[in-house]
Amino acid sequence: MTRIKELVRNRYAQVAGNPCCSPEATFKLDLRAEAIGYFREELKGVPESAIELASGCGDPTASAELKEGESVLDLGSGGGIDAFIAARKVREKGRVIGVDMTPEMVKRARINAEKMGFRNIEFMLGDIEDLPIEDESVDVIISNCVINLSQDKSRVFEEAYRVLKHGGRIVISDIVSRGELPTSIREDVKAWVECVAGALPAEEYLKMIRDAGFTDLEVLSENTACCWPGASDTYSVKVRARKT
Ligand SMILES: C[S@@+](CC[C@H](N)C(=O)[O-])C[C@H]1O[C@@H](n2cnc3c(N)ncnc32)[C@H](O)[C@@H]1O
């Protein structure tokens, strides 16, 4: 495991153990969720502690057009907020898998699923650069504010492409940058774990998605108000693409 990956995992282990002390903790839950980009309506039935742990930068599930019976994979599921929203949309006939490399997050998400009686969700410990998922086995992939944390983003998109069925779609909310970030930020490990230093220029990020094989790439929205104080060169985008 690389040093950055270890630091990212340590950081999210801390957040999982102590959601009260995450940077957004002073917000009330519903305001916090709205600030990230969720509609209040969507959060019905989502465990409160999953909302408390939410660390995303958008609402990819809202643009995934999920249908009853579909299978969904959430890359970097954290406390599970998007996986829970997806599980309600695909209903009992559907299936949602969340993959996250931080054991403490996976544990919290599993406890929430059990407590709330979700039977169509599974949370797996795993690395999105090497997914523990079979080829062409899921209908939809979602991911919320995770891929920026990877040092090998091309590999993440290739893995996503591998496990998605033909005709499937991917919807991602993530942080990108306006142009190249200065070296002082790129090399700042604290900025990396806070979803700043790993942000790539938007064009480079989109090219990686296309290079992995995805087509019909659309930028659905951009949000400049999403991000951390001091990270004014970064913003969040929501993108959707298909595997034909
Ligand atoms: C900013 S949080 C977002 C969590 C969740 N998607 C949400 O919206 O609340 C980033 C999550 O990605 C996970 N993560 C980061 N890099 C990962 C990797 N290479 N493989 C699997 N999970 C990863 C972290 O453990 C953490 O839970």
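Note that the coordinates shown come from a computational prediction; the quantities given were computed from them, not determined experimentally.

Engineer: Describe in detail the site of the ligand, supporting the description with residues and values.
Structural biologist: Around the ligand lies a shell of 26 residues, among which Gly-56, Gly-76, Gly-78, Met-101 and Thr-102 are the nearest. The set of elements that each furnish at least two residues to the shell around the ligand consists of α1 (3-17), α4 (81-90) and β2 (95-100). The dominant element in the shell around the ligand, judged by the number of residues it contributes, is α1, at 3 residues.

Engineer: I'd love a proper account of the environment of Cys-57, names of residues and values included.
Structural biologist: Summarising the element assignment, Cys-57 is placed in the loop between α3 (48-53) and β1 (71-75). On the neighbour-count criterion, Cys-57 (24 C-beta atoms within 10 Å) is buried. C-alpha of Cys-57 to C-alpha of Val-8: the two residues are 49 residues apart in sequence and 17 Å apart in space.

Engineer: So, the nonpolar core: which residues are in play, and what are the values?
Structural biologist: In summary, soluble globular proteins display a tendency toward joint burial of nonpolar side chains. Within the largest apolar cluster, 74 residues are counted, with the highest numbers of intra-cluster contacts made by Val-72, Leu-73, Ala-86, Ile-141 and Ala-160. The greatest single-element share of this core, amounting to 7 residues, is contributed by α4. Not counting chain neighbours up to four residues away, the residues in contact with Ala-160 comprise Leu-75, Ile-141 and Ile-170.

Engineer: Give me the lowdown on the packing of α1 against helix α5 (residues 103-116), citing residues and values where you can.
Structural biologist: Two elements in contact, α1 and α5, have axes separated by 7 Å at closest approach and are oriented at 30°. Only Glu-104, Met-105 and Arg-108 of α5 make contact with α1, whose side of the interface consists of Tyr-12, Ala-13, Ala-16 and Gly-17. Of the residues contributing to the contact of α1 with α5, the split by class is 4 nonpolar, 1 polar and 2 charged.

Engineer: Explain α1 residue by residue, including any values.
Structural biologist: In this model α1 runs 21 Å from its N-terminal to its C-terminal C-alpha over 15 residues, within 8% of the 21 Å that 1.5 Å per residue would give. On its buried face, α1 sits against α3, α5 and α8 (189-193).

Engineer: Hey, could you go over the pairing of strand β5 (residues 164-177) for me, with residue numbers and the actual values?
Structural biologist: Along β5, 11 of the 14 residues are buried, which leaves the element largely enclosed by surrounding structure. One ladder, built from 6 bridges, connects strand β4 (residues 138-144) with β5; its direction is parallel. Bridging across to β5, Ile-141 finds its partner in Ile-170. After leaving β4, the chain enters helix α6 (residues 153-163) and then returns to the sheet as β5, a path that is right-handed. The pairing of β5 with strand β7 (residues 234-242) spans 9 bridges and is classified as antiparallel.

Conventions and cut-offs
Sequence order as written defines residue numbering, which begins from 1 separately in each chain. Note on the predicted model: pLDDT of at least 70 is required for a residue's local features to be given, and 80 or more for side-chain atom pairs to be given and counted; whole-chain, interface and lining totals, by contrast, use all residues. By definition, a residue lies near a molecule or strand when the C-beta atom built from its backbone is within 6 Å of it. Secondary structure is summarised from DSSP: a helix means a run of H or I of at least four residues, a strand means a run of E of at least two, and numbering begins at the N terminus for each. Any residue surrounded by 20 or more other C-beta atoms within 10 Å of its C-beta is treated as buried, while 12 or fewer makes it exposed and the intermediate range makes it partly exposed; C-beta atoms here are placed from the backbone. A set of buried residues drawn from Ala, Val, Leu, Ile, Met, Phe, Trp, Tyr and Cys, joined through C-beta atoms within 7 Å, is what defines a nonpolar core. In this description, any two residues whose backbone-derived C-beta atoms lie within 7 Å of each other are considered to be in contact. Helix axes use the C-alpha atoms of the stretch in contact, all axes being lines fitted to C-alpha atoms, and the angles between their N-to-C directions lie in the range 0 to 180 degrees. The residue classification treats Ala, Val, Leu, Ile, Met, Phe, Trp, Tyr, Cys and Pro as nonpolar and Asp, Glu, Lys and Arg as charged. All others, Gly included, are polar. To estimate the expected span of a helix, subtract one from its residue number and multiply by 1.5 Å. The pairing criterion for strands is at least two bridges between them, as found by DSSP. Note on handedness: a crossover is taken as right-handed if, strands pointing away from the viewer, the path from the first strand over the helix to the second is clockwise.

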